[in-house]
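# Chain and residue survey
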Amino acid sequence: MWNAMEVAEGALTSKIPSSPLTFDHCLSIPLIKLKLFIFNICVHLYIGTNFCSSSSISELGWKLCKDLFNQWSNLDDSHFSAETVSGGITYFTFVYPNNILFLFAVLKVSVRDDDGKNENMTVRLYGPNTECVINRERELQAIQHLSAAGFGAKLLGVFGNGIVQSFIDARTLSPSDLRNPKLAAEIAKQLRKFHQVEIPGSKEPQVWNDVLKFFTKASTLQFDDGEKKIKYEIILFEKVHNEIIGLKELTDHLNAPVVFAHNDLLSGNLILNEDKGKLYFIDFEYGSYNYRGFDIGNHFNEYAGYDCDYTLYPNKDEQFHFFRHYLNSDQLNERRLYS
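Fair warning: this is a prediction, and the values are worked out from it, not measured in the lab. Within each chain, residues carry numbers counting from 1 in the order of the written sequence. Per-residue local features of the predicted model are confined to residues with pLDDT of at least 70, and side-chain atom pairs are confined, for both listing and counting, to 80 or more; whole-chain, interface and lining totals are unaffected and use all residues. Heavy atoms from the whole structure form the basis of all side-chain values; hydrogens and water molecules are not counted.

With that settled, consider the sheet that holds strand S11 (residues 270-273). Strand order in the open sheet formed by 3 strands is S9-S11-S12, and the pairing between neighbours is antiparallel. The open sheet has two free edges, formed respectively by strand S9 (171-172) and strand S12 (278-281), since each of these has just one partner strand. Only when DSSP finds a minimum of two bridges between them are two strands counted as paired. Each helix is a run of DSSP H or I of at least 4 residues and each strand a run of E of at least 2, with the numbering of both proceeding from the N terminus. In terms of strand pairing, S11 meets S12 through 4 bridges, oriented antiparallel. What sits directly across from Leu272, in S12, is Leu279. Where helix H4 (residues 181-194) meets the sheet, its contacts fall on S11 and S12, and the angle it forms with S12 comes to roughly 50°. Here a residue-residue contact requires only that any non-hydrogen atoms of the pair lie within 4.5 Å. Axes here refer to lines fitted to C-alpha atoms; in helices the fit is confined to the stretch in contact. Angles between the N-to-C directions go from 0 to 180 degrees.

Below is the structure:
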């Protein structure tokens, strides 16, 4: 488990409130079962639909807020309420091949003080062992710098297996929203600003470190299921590894710009407050320095949606529309771009 106390002590600004409390993952939660294919092997994705059906989760959320924030420490439970965040996937687990790996949950906690003033916050709960694939310390550091630059929610506190952030009242975009010209233009403009934020630490592109990390895990899997075992054994991991190394060597010759990248700019990580006309980037857990083109290309892949229908990949005109707004169309000669 990541050390929330150590991370809080190393905060960028004033000390972040921290709590040793942890959430218990061993809860009975209704799930929807979906299929997912990796290397043509069927695994299962379970999406929680009623996370707050367990009163113990809500009560622990209230206790956490009391522990983190002194101004609420003496309020009784009637001042608190909790619910799942509406829109998008707020909680899911991963089953591969037979064991459930709890990835994360998002909870909205509302507090009413003695003066009747209401405050909302978001509690993000991390599952066990997720630090094996996500660098939580790097994520927390990035959140602070990105928040200071106007991106995402403000970090309010950390606890044993998660963080507390300010609540943003907005709807989650759908994959079809990404090709809306006005939204695409705004995403491009914000992504340009996002890429200009300086985050302390190594500025080496992390894509190959991450790819090789996942490759190592994938190449050492074991299956009890006979059918899955047969499919797995025909994968030529040595060939895959050689292709990875070849691509890495190719990118080393391109002198591609390296920026702090979101690395996961799918529709579910874009939320829109339509009353204010404000778009937000959220969820920076995969954020790292990376090739600028990788971040943009990865976003274009998300036009394919959760069904991975790559016929929906943006066409040439849609890509150029995005590029114009990313590069600032006021200073760009459109004729040159199309030539």
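For the rest of this paragraph, the subject is the nonpolar core. Soluble, globular proteins show a tendency: their nonpolar side chains are buried together. Among the buried residues, those of types Ala, Val, Leu, Ile, Met, Phe, Trp, Tyr and Cys that are joined through side-chain atoms within 4.5 Å form a nonpolar core. Each residue is assigned to one of three classes by its accessible area relative to the maximum for its type, calculated with a 1.4 Å probe on protein chains only: buried under 20%, partly exposed between the two thresholds, exposed over 50%. Counting residues in hydrophobic clusters, the biggest one holds 33 residues, and the most contacted among them are Leu146, Leu173, Ile187, Leu191, Phe194, Leu270 and Phe281. Those elements giving two or more residues to this core turn out to be helix H3 (136-148), strand S7 (155-159), H4, S11, S12, helix H8 (292-301) and helix H9 (316-327). At 6 residues, H4 tops the list of elements feeding residues into this core. Discounting chain neighbours no more than four positions away, the residues touching Leu146 are Phe151, Phe194, Val197, Ile199, Phe260 and Phe284. By size, the runner-up hydrophobic cluster in this structure holds 20 residues, among which are Leu60, Cys65, Phe69 and Val164.

In this section: a positive patch on the surface. Exposure above 30% relative accessible area and the absence of a salt bridge qualify a residue for a patch, where like charges join within 9 Å and nonpolar side chains (Val, Leu, Ile, Met, Phe, Trp, Tyr) within 5 Å. Only the protein chains shown count as cover for residues, and all accessible areas are computed by the Shrake-Rupley method using a 1.4 Å probe. When a carboxyl oxygen of Asp or Glu lies within 4 Å of a side-chain nitrogen of Lys or Arg, that pair is called a salt bridge. Counted charges follow a simple rule, with Lys and Arg positive, Asp and Glu negative, and His plus the chain ends left uncounted. For the purpose of locating charges, the reference atoms are NZ of Lys, CZ of Arg, CG of Asp and CD of Glu. The grouping of Lys189, Lys193, Lys276 and Lys278 at the surface amounts to a positive patch. Within the element layout of this structure, Lys189 appears in helix H4. When its relative accessible area of 40% is taken as the criterion, Lys189 is described as partly exposed.

Purely geometric stuff here, so don't read any function into it on its own.
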